[in-house]
Amino acid sequence: MSFIGKEDARFVHKLFKKYYFESRDEIYVPERLPEREFGYFTFMEKIMIRHMSFNNPKELKDALVDKAPLHVYHSSAFYKYPRAPMDQKGWLGSELAFDIDADHLKTPCKKKHDFKICKACMLAYPVEAERCSKCGGPLEKVEWVCDKCLESAKAEALKLLEILEEDLGFEKIRMAFSGNRGYHLIVSDKQVLELSQQERKEIIDYITGTGLDLRILGLGGRRIKAEIAPDIADPGWRGRIARSSLQLMLAADPERLYELTEDKKAYSVKEELEKAKELLSDNVPWGALKPSTVKLLAEAAREDAASHIDVVVTQDTHRLIRLGNSLNGKTGLKAQLIDPNDLDGFDPAWSSVALPMDEEIHVKVIRSQEVRLKGFELAPISNKIVRLPLAAAALLLCRGVATLP
């Protein structure tokens, strides 16, 4: 979605400009700044300007205050000539970037809170609608983000962080909330900088569990031997499969198993799992399950334990990533940098609110789902003029579901 009217865009642009002026010291300055390419989207035309570079932090921050962009990005790559065309930049290496987006996850709430809008008639429609019933014009889809979406994204980020630190041994990990519906993790350990796309693909396969052979884990064949089957205390994917299998067995939820495997056998193993639970000690009683059930459970565990990342982002050695602590033009929220140790308790609806909450303005809301920002809550509403804190008003204006009256 985009702003409904030009005045809406101008109003939010002023808020962004004030933020960059007052919070310039909070803006993240990437390492090896002069070797990075920068790009940004303008507010009014929504044109992307790129192939920029800055020699020092002051140049970067002055540009943000001057332009107050809708979105601003920097390259994960380092270049000899960052202002040159792509084929002439002179690639020097690239950080390893990961993107987790709630829109790519199988969240059951997605179907419930997305909808469409006719910006010309300012009417809301179900997501299945194709045309406005009043003017016959096209509709724009609104992909809402709720607390459940954000919790799902955080769960994926936590899984990814565990794999990066414990399995792969990376130490220099930068993390940020995207300012909208996901998380970015950037690895800058020296050993990753010159990895090829194929080498990055191998890391992707490990993180997602792609190609994981159950026979190597001791879970293939007609008879499962407890001494070689995965144990919850094992390192790497062996332990991950065992721990996830144990949780799935305890839940014995056919719907969850089917969601993870898309195998209809999931609906016929509940009784078998319930009986096996009686034999639980300190590990999954693999030997008490039929080989076909072991396979189903292990496949479900693999899908459950994998981190669901955007593989295109990680394999791309020239990727532009959102600048830490900049504002996201889809929400007005901050792409908040996060200490990885604090991720579990991070609440984007509190920590990422950067625009004022103590000033208010009236907006006409076409339709809005629930909004929660820094203690303020707005219940779902439609076709109503309301007075909101600036941060909440900006979020609705940026999403294109409200306009200035």
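In this report, we go over the structure that sits alongside the text.

So, how was this worked out
- Residues numbered from 1 in each chain as written.
- Predicted model: local features only at pLDDT ≥ 70, side-chain atom pairs only at ≥ 80, totals over all residues.
- Heavy atoms only, no water.
- Disulfide = S-S within 2.5 Å.
- Buried < 20%, exposed > 50% of the residue type's maximum accessible area, 1.4 Å probe, protein only.
- Helix = DSSP H or I, 4+ residues; strand = E, 2+ residues; numbered from the N terminus.
- Contact = heavy atoms within 4.5 Å.
- Pairing = 2+ DSSP bridges.
- Axes fitted to C-alpha atoms, helices over the stretch in contact; angles between N-to-C directions.
- Expected span 1.5 Å × (residues − 1).
- Arc of directions from axis to C-beta.
- Parallel < 35°, antiparallel > 145°, perpendicular 65-115°, else oblique.
- Left-handed = near helix turned anticlockwise from the far one by under 90°.
- Nonpolar A, V, L, I, M, F, W, Y, C, P; charged D, E, K, R; others polar.
- Core = buried A, V, L, I, M, F, W, Y, C linked by side-chain atoms within 4.5 Å.
- Phe/Tyr/Trp six-rings, centres within 6.5 Å; stacked < 30°, edge-to-face > 60°.
- Lys NZ or Arg CZ within 6 Å of the ring centre and 35° of its normal.

**Some remarks on the state of the cysteines**
A disulfide bridge is the covalent bond that connects two cysteines by way of their sulfur atoms. Applying the stated criterion to the full structure yields 0 disulfides. Free of any disulfide, cysteine 135 has its nearest neighbouring cysteine sulfur in cysteine 121, separated by 3.6 Å. Cysteine 146 takes part in no disulfide bond, and the closest cysteine sulfur, belonging to cysteine 109, lies 3.5 Å away. Cysteine 146 gets classed as buried once you look at its relative accessible area, which sits at 19%.

**What to know about the side chain of threonine 107**
When you line up the elements, threonine 107 lands in the loop between strand S6 (96-101) and helix H3 (110-113). Those residues in contact with threonine 107, other than ones at most four positions away along the chain, are Ala102, Cys149 and Ser152.

**Focus on the sheet that holds strand S17 (residues 381-389)**
Overall, antiparallel pairing links the 3 strands, which are arranged S17-S14-S18 in an open sheet. On the outer flanks of this sheet lie S17 and strand S18 (402-403), each paired with one strand and no other. Where strand S14 (residues 360-368) meets S18, 2 bridges bridge the pair, whose relative direction is antiparallel. Paired with lysine 364 across the strands is threonine 403, a residue of S18. Contacts between helix H12 (residues 390-399) and the sheet are confined to S14, S17 and S18, with S17 contributing the most and set at about 140° to the helix.

**Brief notes about helix H1 (residues 6-22)**
A rise of 1.5 Å per residue sets the reference length of H1, with its 17 residues, at 24 Å; its end C-alpha atoms lie 25 Å apart and thus fit the reference within 8%. Asp8, Ala9, Phe11, Val12, Leu15, Phe16, Tyr19 and Tyr20 are the residues of H1 that are buried. In the core, the buried residues of H1 are packed alongside helix H2 (57-67), strand S3 (71-75), S14, H12 and S18.

**Digging into helix H8 (residues 270-277)**
Turn by turn, an α-helix covers 3.6 residues, leaving residues three or four places apart pointing in a common direction. Within the span of H8, buried status applies to Glu272, Leu273 and Ala276. Taken around the axis of H8, the buried residues stretch over an arc of 95°, which confines them to a single face. Facing away from the buried surface of H8 by more than 90 degrees, the exposed residues are Glu271 and Lys275.

**Brief notes about the packing of H1 against H12**
One can describe the packing of H1 onto H12 by two numbers: an axis separation of 10 Å at closest approach and a directional angle of 135°. It follows from the interaxial angle that H1 and H12 lie oblique. Between H1 and H12 lies a crossing of left-handed hand. Residues Asp8, Phe11, Val12 and Leu15 of H1 pack against Leu390, Ala394, Leu397 and Cys398 of H12. When the residues that make up the contact of H1 with H12 are grouped by side-chain class, the tally is 7 nonpolar, no polar and 1 charged.

**Points about the nonpolar core**
Core analysis: the largest hydrophobic core is formed by 52 residues, its most contacted members being Tyr20, Val363 and Leu396. For this core, the secondary-structure elements that each account for two or more residues are H1, strand S1 (38-41), H2, strand S7 (115-118), S14, strand S15 (371-373), S17 and H12. If you tally residues by element for this core, the top one is H12, at 9 residues. Ignoring any residue separated from it by four or fewer positions in sequence, one finds valine 363 in contact with Lys384, Ile385, Val386, Leu388, Ala393, Leu397, Ala402, Thr403, Leu404 and Pro405. Counting 34 residues, the second largest nonpolar core, distinct from the first, contains Leu161, Tyr183, Leu195 and Ile309.

**Quick notes on the pairing of strand S8 (residues 123-126)**
Pairing analysis gives 4 bridges linking S7 to S8, with the strands arranged antiparallel. Within the sheet, the bridge partner assigned to isoleucine 117 lies in S8 and is alanine 124. Between S7 and S8, which pair antiparallel in sequence order, lie 4 residues; one of them, methionine 122, sits at a positive phi of approximately 55°.

**Let's talk about the packing of aromatic side chains**
Aromatic ring pairs are reported here in terms of the distance separating the ring centres and the angle at which the planes meet. Tallied over the full model, the rule gives 10 aromatic pairs. With centroids separated by 5.2 Å and ring planes inclined at 70°, the aromatic side chains of tyrosine 19 and tyrosine 20 adopt a geometry described as edge-to-face. Exposure remark for tyrosine 19: the relative accessible area of 5% places this residue in the buried category. Aromatic pair phenylalanine 38 and phenylalanine 54: ring centres 5.1 Å apart, planes at 75°, arrangement edge-to-face. Highlighted residues: phenylalanine 38 in strand S1 and phenylalanine 54 in the loop between strand S2 (48-52) and H2, separated in sequence by 16 residues. Here phenylalanine 38 matches phenylalanine 54 in class, with each residue buried. Ring pairing ties together the aromatic residues Phe3, Phe16 and Phe43, which thus form one cluster. Directly above the aromatic system of tyrosine 79 lies the positively charged group of lysine 89, at a separation of 5.4 Å from the ring centroid.

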